[in-house]
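# Coordinates in review
Below are the chains, spelled out letter by letter.
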Amino acid sequence: MRVAWATDIHLDFLGDEQVRAFAATLAQERPEAVVLSGDLSHAELLEHHLRLLAGVLTCPIYFVLGNHDYYGSSIVDVRQAVVELCARRSRLRWLPACGVVSLSAETALIGIDGWADARLGDPAHTTVVLNDFFHIAELAATLDPQVRARPGLLRASDREPLHRVLRELGDVEAARCDELLTAALASHPQVLIVTHIPPFAAACWHEGRLSDDNWLPYFSCAALGEVLRAQARAHPQRRLMVLCGHTHGAGEAQIEPNLRVLTGGAVYRRPQLQQVLELA
């Protein structure tokens, strides 16, 4: 089974012909499936860009959403729009709604969007300010209007409601993954798990090194990591591989003997194929 994987392609930085050209580079690999691990575009153009990809690629396109995909809208509204789009375009498949996908008798595919849950690193003292806080409705709603108008005013105390929401989002995503992974491991010896946010500090690569405590709160999903580690330890004869992105740094982390995480690198305006996975 040939699976082409790309992540953080940020198609909103490209013109339509450039998007089609990128899709054509994926098609040249003759994949039987394409997997995209989030940050495909932004809310206003997401459906348009997914349609462009589906117009070039002839295989199923399995994808999860990243934080940028919600910019300019809300998590609820974007996910609803994606569900409706996939119902009209059978080639497009949002993984959280697909359940367990049997790629072969050997390998299952599952996916969740994931969310940075402000647990790892030093969330109480981080100085990092992300556009997410102001351009995603559910997160912006946690901030005082004055802070929304002037991001430079964001203080540690302003982050407490924000972090509560981030942790709730991370917990929901982790619980969904646990449910999907339990079902997948019951029927397949190998599971490919696609998500946007790295689930371990050891997978948060950026510019050739691991992220520090200042960035880790918004670069990782600790709740998902706990689920993956527990499942791997409970099923030592099964193999788990995670594909993620978000940090724009490439790297690999062997978390358990049977749990490996690949983090994809990315550069704005230069979407790229990460690799073609040859799966049994």
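Residues numbered from 1 in each chain as written. Predicted model: local features only at pLDDT ≥ 70, side-chain atom pairs only at ≥ 80, totals over all residues. Heavy atoms only, no water.

Read from one edge to the other, the open sheet built from 6 strands follows the order β5-β6-β7-β10-β12-β11, with strand pairing classed as mixed. The open sheet has two edge strands with one neighbour each: β5 (101-102) and β11 (251-256). In the packing of helix α7 (residues 159-185) onto the sheet, contacts are made with β6 (107-111), β7 (190-194) and β10 (239-244), and the angle to β6 comes to roughly 170°. Of the strands in this sheet, β7, β10, β11 and β12 (259-263) touch helix α9 (residues 222-234), which is tilted by about 55° from β11. (Pairing = 2+ DSSP bridges. Helix = DSSP H or I, 4+ residues; strand = E, 2+ residues; numbered from the N terminus. Contact = heavy atoms within 4.5 Å. Axes fitted to C-alpha atoms, helices over the stretch in contact; angles between N-to-C directions.)

The next subject is the pattern of salt bridges. Scanning the model with the defined rule gives 15 salt bridges in all. Among the ionic pairs, glutamate 17 bridges to arginine 20, the shortest N-O distance being 2.5 Å. Of this pair, glutamate 17 and arginine 20 both sit in helix α1 (residues 16-27), 3 residues apart, roughly one helical turn. Given the relative accessible area of 56%, glutamate 17 is considered exposed. (Salt bridge = Lys/Arg side-chain N within 4 Å of Asp/Glu carboxyl O. Buried < 20%, exposed > 50% of the residue type's maximum accessible area, 1.4 Å probe, protein only.)

The periodicity of an α-helix, 3.6 residues per turn, causes residues three or four positions apart to be oriented the same way. In a regular helix each residue adds 1.5 Å, so 13 residues correspond to 18 Å; α9 covers 18 Å between its end C-alpha atoms and thus fits that length. When we look at burial in α9, the residues that qualify are Ala222, Ala223, Leu224, Gly225, Val227, Leu228, Gln231 and Ala232. Buried residues along α9 sit against α7, β7, β10, β11 and β12. (Expected span 1.5 Å × (residues − 1).)

Tracing the backbone shows leucine 216 in helix α8 (residues 216-219). Between the alpha carbons of leucine 216 and leucine 181 there is a distance of 25 Å; along the sequence they are 35 residues apart.

This part is about unusual backbone geometry. Positioned with a positive phi, aspartate 39 is a non-glycine residue whose angle comes to about 55°. On the secondary structure map, aspartate 39 appears in the loop between β2 (33-37) and α2 (43-56). A relative accessible area of 2% means that aspartate 39 is categorised as buried.

Take the packing of aromatic side chains next. For the structure shown, the criterion picks out 5 aromatic pairs. With centroids separated by 4.9 Å and ring planes inclined at 45°, the aromatic side chains of phenylalanine 13 and tyrosine 268 adopt a geometry described as tilted. You can see phenylalanine 13 sitting in the loop between β1 (2-6) and α1 and its partner tyrosine 268 sitting in the loop between β12 and β13 (273-278), a full 255 residues away along the chain. For tyrosine 268, a relative accessible area of 36% translates into the label partly exposed. Centroid distance phenylalanine 133 to phenylalanine 134: 6.2 Å. Interplanar angle 55°. Geometry classified as tilted. Per residue, the accessibility class of phenylalanine 133 equals that of phenylalanine 134, and both read buried. (Phe/Tyr/Trp six-rings, centres within 6.5 Å; stacked < 30°, edge-to-face > 60°.)

The geometry of α7 relative to α9 is characterised by a closest axis approach of 8 Å and an angle of 20° between their N-to-C directions. Between α7 and α9, the angle falls in the class roughly parallel. Both α7 and α9 take part in a crossing whose hand is right-handed. Facing α7, whose interface residues are Gly170, Asp171, Ala174, Cys177, Asp178, Leu181, Thr182 and Leu185, α9 presents Ala223, Leu224, Val227, Leu228 and Gln231. Each residue belonging to the contact of α7 with α9 can be placed in one class, and the counts come to 8 nonpolar, 3 polar and 2 charged. (Parallel < 35°, antiparallel > 145°, perpendicular 65-115°, else oblique. Left-handed = near helix turned anticlockwise from the far one by under 90°. Nonpolar A, V, L, I, M, F, W, Y, C, P; charged D, E, K, R; others polar.)

With that settled, consider the side chain of threonine 195. As for its placement among the helices and strands, threonine 195 is situated in the loop between β7 and β8 (205-206). On the basis of relative accessible area, threonine 195 is assigned to the buried category, the value being 0%. A distance of 3.2 Å separates the side chain of threonine 195 from the backbone oxygen of isoleucine 112, its partner in a polar contact. A distance of 3.3 Å separates a polar atom in the side chain of threonine 195 from the backbone oxygen of aspartate 113. If we skip the residues at most four places from it in the chain, threonine 195 touches Ser37, Val64, Ile112, Asp113, Gly114, Leu224, Val242, Leu243, Cys244 and Gly245. (Polar contact = N/O pair within 3.5 Å; in protein donor to acceptor, adjacent residues only side chain to side chain.)

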